Amino acid sequence: MSEKLTSKQLLGQLTAKHYNDAIVGKQNGELVAWSTSIAPQEFCETMGIHVIYPENHAAAIGAKGGAIPILEHSEANGYSIDLCSYARINLGYMELQDCCFENVPLPDLIICCNNICNTLIKWYENIAKELNIPMIMIDVPYNTEYEVTQPRVNYIKGQFKEAIRQLEEICGRPFDYDRFDEIMKNSSRAAKSWKRAMDYAAYVPSPLNGFNIFNYMALIVCMRGKEESIQLFDLIAEELEELARNGESQFPGGEQYRIMWEGIACWPYLGHNFKTLKKYGVNMVGSTYPGAWTLLYEAGDLNGMARAYAGVMNNTNLARQVELRTSIIKDFKCDGAIYHMNRSCKLMDFMQYQLQREVADRTGVPYVVFDGDQTDPRNFAQAQFETRVQALVEMMERNKINKKSM
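About the thresholds
- Residues numbered from 1 in each chain as written.
- Predicted model: local features only at pLDDT ≥ 70, side-chain atom pairs only at ≥ 80, totals over all residues.
- Heavy atoms only, no water.
- Salt bridge = Lys/Arg side-chain N within 4 Å of Asp/Glu carboxyl O.
- Helix = DSSP H or I, 4+ residues; strand = E, 2+ residues; numbered from the N terminus.
- Buried < 20%, exposed > 50% of the residue type's maximum accessible area, 1.4 Å probe, protein only.
- Disulfide = S-S within 2.5 Å.
- Contact = heavy atoms within 4.5 Å.
- Pairing = 2+ DSSP bridges.
- Axes fitted to C-alpha atoms, helices over the stretch in contact; angles between N-to-C directions.
- Phe/Tyr/Trp six-rings, centres within 6.5 Å; stacked < 30°, edge-to-face > 60°.
- Lys NZ or Arg CZ within 6 Å of the ring centre and 35° of its normal.
- Expected span 1.5 Å × (residues − 1).

> Just checking my understanding: could you explain the pattern of salt bridges for this structure?
Once the charged atoms of two side chains with opposite charge are near each other, the side chains can pair. The tally for this structure, following the rule as stated, stands at 23 salt bridges. Of the charged contacts, one joins Arg-88 and Asp-376 as a salt bridge, the two residues approaching to 3.3 Å between their closest N and O atoms. You can see Arg-88 sitting in helix α5 (residues 85–96) and its partner Asp-376 sitting in the loop between β8 (367–372) and α16 (382–405), a full 288 residues away along the chain. Take Arg-88 and Asp-376: they sit in the same class, and that class is buried.

> What is the right way to read the state of the cysteines from this model?
Cysteine pairs can be linked by a disulfide, which is a covalent bond between their two sulfur atoms. Inspection of every chain in the model, using the stated rule, returns zero disulfides. In this model Cys-222 remains outside any disulfide bridge; the closest cysteine sulfur is found in Cys-44, 13 Å from its own. Sulfur of Cys-266: no disulfide; nearest cysteine sulfur belongs to Cys-345 and is 12 Å away.

> What is the right way to read the environment of Met-217 from this model?
Mapping Met-217 onto the fold places it in helix α9 (residues 212–222). You can call Met-217 buried: its relative accessible area is 7%. As a C-alpha pair, Met-217 and Tyr-79 span 138 residues in sequence and 29 Å in three-dimensional space. Other than its neighbours up to four places away in sequence, Met-217 contacts Trp-194, Tyr-289 and Trp-293.

> I would appreciate a short explanation of the sheet that holds strand β1 (residues 32–35) in the present structure.
Backbone-to-backbone hydrogen bonds pair the strands of a sheet. The strands run either parallel or antiparallel. Strand order across the open sheet formed by four strands is β2-β1-β3-β4, with parallel pairing between neighbours. Edge positions in the open sheet fall to β2 (50–52) and β4 (135–138), since each of these has one partner strand only. Here the average twist between neighbouring strands, direction ignored, is 25 degrees. Along the sheet, helix α1 (residues 7–27) contacts β1 and β2; its crossing angle with β2, the most-contacted strand, is approximately 120 degrees.

> Just checking my understanding: could you explain the environment of Val-221 for this structure?
Mapped onto the elements, Val-221 comes out in helix α9. Distance from Val-221 to Ser-85, taken between C-alpha atoms, is 19 Å for residues 136 residues apart in sequence. Val-221 has contacts with Ser-37, Tyr-53, Asn-56 and Trp-293, leaving out every residue within four places of it along the chain.

> Help me out: how do you make sense of the packing of aromatic side chains in this one?
Note on aromatic pairs: each is described by the distance of the centres and the angle between the planes. Under the definition given, this model contains 24 aromatic pairs. Aromatic pair Phe-43 and Phe-180: ring centres 5.4 Å apart, planes at 25 degrees, arrangement stacked. Taken together, the positions of Phe-43 in helix α2 (residues 42–46) and Phe-180 in helix α8 (residues 177–198) put the pair 137 residues apart, joining distant regions of the chain. The buried category is assigned to Phe-43, whose relative accessible area is 3%. The exposure class assigned to Phe-180 is buried, which follows from its relative accessible area of 5%. Here the aromatic cluster, defined as three or more aromatic residues joined through ring pairs, consists of Phe-211, Phe-214, Phe-251, Trp-261, Trp-267, Tyr-269, Phe-274, Tyr-289, Trp-293, Phe-370, Phe-380 and Phe-385. It is Arg-320 that lies over the ring of Tyr-146; its NZ or CZ is 4.3 Å from the centre.

> What is the right way to look at the side chain of Thr-46 in this model?
Within the secondary structure, Thr-46 is located in helix α2. Not counting chain neighbours up to four residues away, the residues in contact with Thr-46 comprise Phe-175, Asp-176, Arg-179, Phe-180 and Ile-183.

> What's the story with helix α6 (residues 119–131) in this structure? I'm lost.
One full turn of an α-helix is made of 3.6 residues, so residues set three or four places apart face in the same direction. Taking 1.5 Å per residue as the helical rise, α6 with its 13 residues ought to reach 18 Å, and the 19 Å between its terminal C-alpha atoms agrees with that figure. Residues of α6 that are buried: Leu-120, Ile-121, Trp-123, Tyr-124, Ile-127 and Ala-128. Tucked inside the fold, the buried residues of α6 contact β1, α3 (54–63), α5, β3 (109–113) and β4. Just downstream of α6 lies Asn-132, where phi reads positive at about 55 degrees.

> What exactly am I supposed to notice about the sheet that holds strand β5 (residues 257–262) here?
Within the open sheet, the four strands sit side by side as β6-β5-β7-β8. Their pairing is parallel. Whereas interior strands pair on both sides, the edge strands pair on one side only; in this sheet they are β6 (282–287) and β8. Along the sheet, successive strands turn relative to each other by an average axial angle of 30 degrees, direction set aside. Pairing analysis gives five bridges linking β5 to β6, with the strands arranged parallel. Paired with Tyr-257 across the strands is Val-282, a residue of β6. The sheet strands contacting helix α11 (residues 270–279) are β5, β6 and β7 (336–342), and the helix crosses β5 at an angle near 155 degrees.

> Even after reading the chapter, I still don't get unusual backbone geometry, so can you show me in this structure?
Glycine aside, residues mostly have negative phi, and peptide bonds are mostly found in the trans state. The step from Val-204 to Pro-205 runs through a cis peptide bond, and the omega angle for that step is -5 degrees. Its identity as a non-glycine residue notwithstanding, Gln-97 has a phi of 55 degrees, on the positive side. By the secondary structure assignment, Gln-97 is in the loop between α5 and β3. Its relative accessible area of 40% is what places Gln-97 among the partly exposed residues. One non-glycine residue, Lys-333, adopts positive backbone phi at about 55 degrees. By secondary structure assignment, the location of Lys-333 is in the loop between α14 (318–331) and β7.

And the structure:
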């Protein structure tokens, strides 16, 4: 009888399988799509199209220290250093087709959904033009209102139907609606399992080392429509439940402070960021990442699916964004917050200034800001990060002393 895999082992196997399936599939003449990270994967999954996510791929390249040569290649081709580093890595890789991570196949079509960022549109238009391939675009209007309105749902649902028509034309066969129903069920189950696992971070002390979220999220991006992702997230939940029962944690050295991390990880310095926080006993327990991929709807309900993709965190107004971060800090019992001022995400960065102030006013929790970038290592300073963490620890400690004396 084989020994049961740990979640870390299963994650490694499934990640390797995800990329290998696309590589082998391409060699066998099967279709490969490149897709934005929170696009409706349900359509490609239904049609048996292999999907690669350039944002995930770029993040892995950055984490492995291989970003600079590809960034410089893109910049030499005229792509400004002010553009998103994910885009610059992806567009550079498209020409070089060589990197320190998996060498993924070029796409036969691309899927773009702008519910997280409008930069994606021009980035993906460039891919489509340079490779002369079809582009399926799902345009999601920004939610200026508090809720996703029905006219927006109708508009997006119409685009879903057009995407199905395009895929039927590209694949040369009719869309399988029974299969689509099953994929919708899998996707919603995966989202629920993902949220259940990540919610264990609310325990005190947290059984979850929060930086593991950055590893686990690879599968919620890449394999949401597959049964294997549900198995992984259920296994993570089981492991965390056992740790919580025994008063143990993945976080080494003991949790003295709990924080919310706001923004994308600084992938080239992920190890440095984690070691610095661990040095001061700081565990990241709060994050917007789990909620971003908790896309819940009922199978067969295109209205619900459209509403879920329209309501992702990046696509909500400032009031809703403040409410979300406030809830995270309260629900996960955070002592402080760290905001990553990410040079690649300028819209979100501009909103952060007001976001930081309003969340601090509502929660009374201190925060600090550091400058960085999701994959361009030239925009980050290790010394600045550590001094900001030191300052946050001092403020959190002062808060704890004040609460004890009250």
